[in-house]
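Coordinates in review
Here is what each chain is made of, one letter per residue.
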Amino acid sequence: MPRVPSHPPRQSRAQEPTAVHHPQEPRATDRPAAASPTGPAADTPRVGAQRRAAEAQAAARARAEGESAAVDRLATTVERLRLELERAQAQAAGRGVVEMGVGVLVERLRCGPTEAAGQLESLAEQAGVTVLALAADLVNQAAADEISALAREFVADASVPPTEAVAVRLRSAEADVLASGDAAAAARSMLEHALRPLGAVAVAIWAAHPDLSLSLAGSAGFPEEEARRWRHVPPGVPTPARRALDERAAVGYPTLAGASLPSIGQHEIHGGRLAVPAGVGGRLIGVLEICWPDALPERSQPLKRQFEALAELAATTLESWSGQEPAACDPADAQFGELRQLTDGLLDPCMILRAAPDSDEFPPRFVIRHLNPAFVDFAGRPTGVLTGARLLEAYPLAAEPGGLADKVEHVFATGEPFRAQDMRLAALVDGVPLTTRAQVSISRHGSHLAVVWRLDDGTPRVARLLQHAQRLGRIGGFEENLRTRQIAWNETVFELHGLPPTAAPLALDQLPDHAHPDDRHAIDRFLRTLLHHQRPASTAFRLQRPDGVTRHIRVVAEPVRDPGSGLGNDPGSRLDSDPGSGLGTVRGAYQDISAQHWTEVALAATRDQLAQSEQQAAERSRLALQLQHAIMPPTRGPLDLHDLSVAVRYRPAEKDHLVGGDWYDTLALPSGDVLLCVGDVSGHGIEAATGMVALRNALRGLAATGAGPAQLLSWLNSVTHHLTDNVTATAVCGLYEPATRRLRWARAGHPPPVLLRGGRADILPQLGGILLGAIGHADYEQGELVLEADDTLVMYTDGLIERRDESLQASLTSLTALAEESRTGSTTGSDTGSTTGSANLEELLDHLLRYSNADTDDDTCLVGVMVR
């Protein structure tokens, strides 16, 4: 298709006089043109019309191209979603095989499912195979079925490919079939997991019946209309499936057309067919029919065993298949097959009724023989429950005068069709009446009746929602006629009261006798509001059941203002006033709120425990904070040790309960040296505070030995590992000799100190050393340097520099820049004589704390040492 320019030329509009002038403002050039019919003005409208037509065609072509592109995008999206669905289905089947493999390991190893799953992954990794393949192998070893025998044959025969693909495919199909329990889903699983890799394109599962007829239990790969058309095969039709049953062996045909046999998909799939009988315990119950697009592949022995294994899976599915078995068509019932085909093509719900064979009286009892695919029960029940049931068993309220049963009997007796545009239909949903309006048509066809109805939109959905809401909410409905004393309970109410369905329901005025004595007053108020004041009421009480169990029940009820109403009549309007009118019926519901009650009790207990725990935690935090402040005040003024000025700053965590384990110590030793150390115990709370006290005191005692910093940290590591309860910590330790100004130092997993000299800040080398308490024995590297006058050494914990979005090296670089900035300001102030050296040191520490870019909620300890 030629491309149309998105912006057509505009010069033609400028050249068209009549396209731009206003009719009330004629131009001078228009008058001569009007006087001369053959002039240029007479041709101008024709030229404009042709141009506008060309523009319209171009726009239409552009729209068509846009729509085509949208359709292409939609088709691509649909194809992508289809592939994702296929992958999800394959993964689901694979999960089923893995779960079976885990079950085998649970039995063999006598372990739990979680440990067995871990063992399965570990064994698969060691064996160099996938978890799915190993799971299939385990199931094959544990099982003694057709699939395991097939896998062993593949192992014994070196001429065939490895077993992984075959065993995994068959086990995946088996897992999917067992999980679905549906013949149609089983057919889809067999096709996708086991047959499509062999070139097959479709599969059908046939169920065999005693009358020699066949029913299509499930299929995959065929059009939906084709599967519906072949859902029943009468006796005597020579299909491949029928031949396989007659010969009790697999039957194959190179092409279906060459065999001259009718079968499902005969017009769409012309290739080979294979029909394998499916049986259980020597009894044939169905056939597995497989279709290929081309000629039937050569059936080797391994392939035969695969097909037999799949037929065994099909038989397992057919055993639990709940599909309807078509009854045999005797001569008196010859029209049933045609009638069923006719009703199956209707878009409205339709049921086929037949007089019960053992019904000799009149009117006869009618049985629901068939329900078409469009049938929807307005009470929300599945069709399998209704098929084969008597009409009045399925719809007992149809027996009301003028109801559905009357119309069915009239049509059956007279043969006159019945039609109604608006008819009331009634059913019982778990004992509670449910009504709807529908268009109904009833006609007689031989010995059968066809009942077609068109329900109001949403009625079946509402019925199903009602059933599920009652089940999930543990709600049961009741209706009580106060005049006739008739009481209707649904099954849930009997269960709530602990009574069998055959027991007599309890009247409302009997509730006090079955309630806890403390709840009698609440029930009396409920009954007085409901029966005397005739207003809706509700209450909660403890029901004491005959079996000794006490349940917490909520009852809600409302009166009905219909003095002559009987049980099951249409409910009247709610009686909000006029207590003098007669009260005939009360309806309501019971709800089991025991779980809610005990949940509220548990929540109340949990709230009390939480309050107590919070109080205990607050007390522990207060004690830890007091202990920490007693050992290390948050702020400590300058301390002079020989030629050193020492200042300390401590900033606690932002949250009170995060009392940390940061600690420091500066001490003049008997040897004349000065001990300088900073540490951080992991964790928070009272445990961290007590650990900090233990390490600080231990280091003080060890320092008195005169050992160097590396040896002190090695001893402190042993103390931390052996003499504390799972405590770990970091620390930096230094020993300063005033006579030589030599500083020896070592670190145990702690950030290195910062040295400020001559306006420049540098990070000391990161000496090797593991954190304290990690292992029983550790060696630490020791470094030393000679300090000079006006040098400042800063020792700190990680709360000063730690950021979640930066590395340690980046944080250290930021710290040195911040220290140099602070030192420059202090030097300027010192030149003016406004501060002393000690004041400069305190300003430095305050500046570092105030402008630190750390973003963690950790406490911070900071020690500054200046050489005078």
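The structure this text deals with has already been given above.
Just so it is clear, the structure is predicted and the values come from calculations on it, not from any experiment. (Residues numbered from 1 in each chain as written. Predicted model: local features only at pLDDT ≥ 70, side-chain atom pairs only at ≥ 80, totals over all residues. Heavy atoms only, no water.)

**Remarks on helix α16 (residues 404–414)**
Just so we agree on the cut-off: Partly exposed residues are those whose accessible area sits between 20% and 50% of the maximum for their type, while under 20% is buried and over 50% is exposed, using a 1.4 Å probe and protein chains only. Strands here mean DSSP runs of E at least two residues long; helices mean DSSP runs of H or I at least four residues long; both are numbered from the N terminus. Within this analysis, the arc is defined by the directions that extend from the helix axis to the C-beta atoms.
Buried residues of α16: L404, A405, V408, V411 and F412, and no others. In an axial view of α16, the angular spread of the buried residues amounts to 130°, which keeps them on one side of the axis. One or two positions beyond α16, positive phi appears at G415, with a value near 80°.

**Brief notes about the nonpolar core**
Put simply, the rule reads: In these notes, a set of buried Ala, Val, Leu, Ile, Met, Phe, Trp, Tyr and Cys residues joined through side-chain atoms within 4.5 Å is what counts as a nonpolar core. Here a residue-residue contact requires only that any non-hydrogen atoms of the pair lie within 4.5 Å.
Residues M351, L353, Y395, L404, V408, V440 and W453 are the most contacted members of the largest nonpolar core, which totals 31 residues. Apart from residues lying up to four places away in sequence, V440 is in contact with L404, F418, R419, A420, M423, L425, V452 and W453.

**Overview of the sheet that holds strand β3 (residues 232–233)**
As a general point, the strands of a sheet are linked pairwise by backbone hydrogen bonds and lie either parallel or antiparallel. Selection criterion: Two strands are counted as paired when DSSP detects at least two bridges linking them. Axis angles are defined between N-to-C directions and span 0 to 180 degrees, where every axis is a line fitted to C-alpha atoms and, for a helix, only to the segment in contact.
With respect to topology, six strands assemble into an open sheet ordered β3-β2-β1-β6-β5-β4, the strand pairing being antiparallel. Only two strands of the sheet have a single neighbouring strand rather than two, namely β3 and β4 (251–253). Here six bridges tie strand β1 (residues 202–208) to strand β2 (residues 214–220), and the two strands are oriented antiparallel to one another. Looking across to β2, one finds that I205 is bridged to G218. Of the strands in this sheet, β1, β2, β4, β5 (273–280) and β6 (283–291) are in contact with helix α10 (residues 240–247), which crosses β6 at around 140°. On top of the sheet, helix α12 (residues 301–319) reaches β1, β2, β5 and β6; it is set at about 55° to β5, its chief contact.

**With respect to the packing of aromatic side chains**
For any pair of aromatic rings, the description rests on two quantities: the centre-to-centre distance and the angle between the ring planes. Threshold: Two aromatic rings, drawn from Phe, Tyr or Trp (for Trp, its six-membered ring), form a pair once their centres lie within 6.5 Å of each other, and the interplanar angle then sorts them: stacked below 30 degrees, edge-to-face above 60, tilted otherwise. Placement of a positive charge over a ring is assigned whenever Lys NZ or Arg CZ falls within 6 Å of the ring centre and within 35 degrees of the normal to the ring plane.
Enumeration according to the criterion identifies seven aromatic pairs in this entry. The interplanar angle of 40° and the centroid separation of 5.6 Å between the aromatic rings of F375 and W453 together place this pair among those described as tilted. In this pair, F375 sits in the loop between β8 (366–371) and α14 (383–386) while W453 sits in strand β11 (residues 448–455), placing the two residues 78 residues apart along the sequence. Between Y395 and W453 the ring centres are 5.9 Å apart and the planes differ by 85°, which places this aromatic pair in the edge-to-face class. Here Y395 is found in the loop between α15 (391–394) and α16, whereas its partner W453 is found in strand β11, with 58 residues between them in sequence. The two residues Y395 and W453 agree in class, both being buried. Within the aromatic cluster, the residues linked to one another by ring pairs are F478, W489, F494 and Y590. The ring centre of F412 lies 4.4 Å from the NZ or CZ of R444, which sits over that ring.

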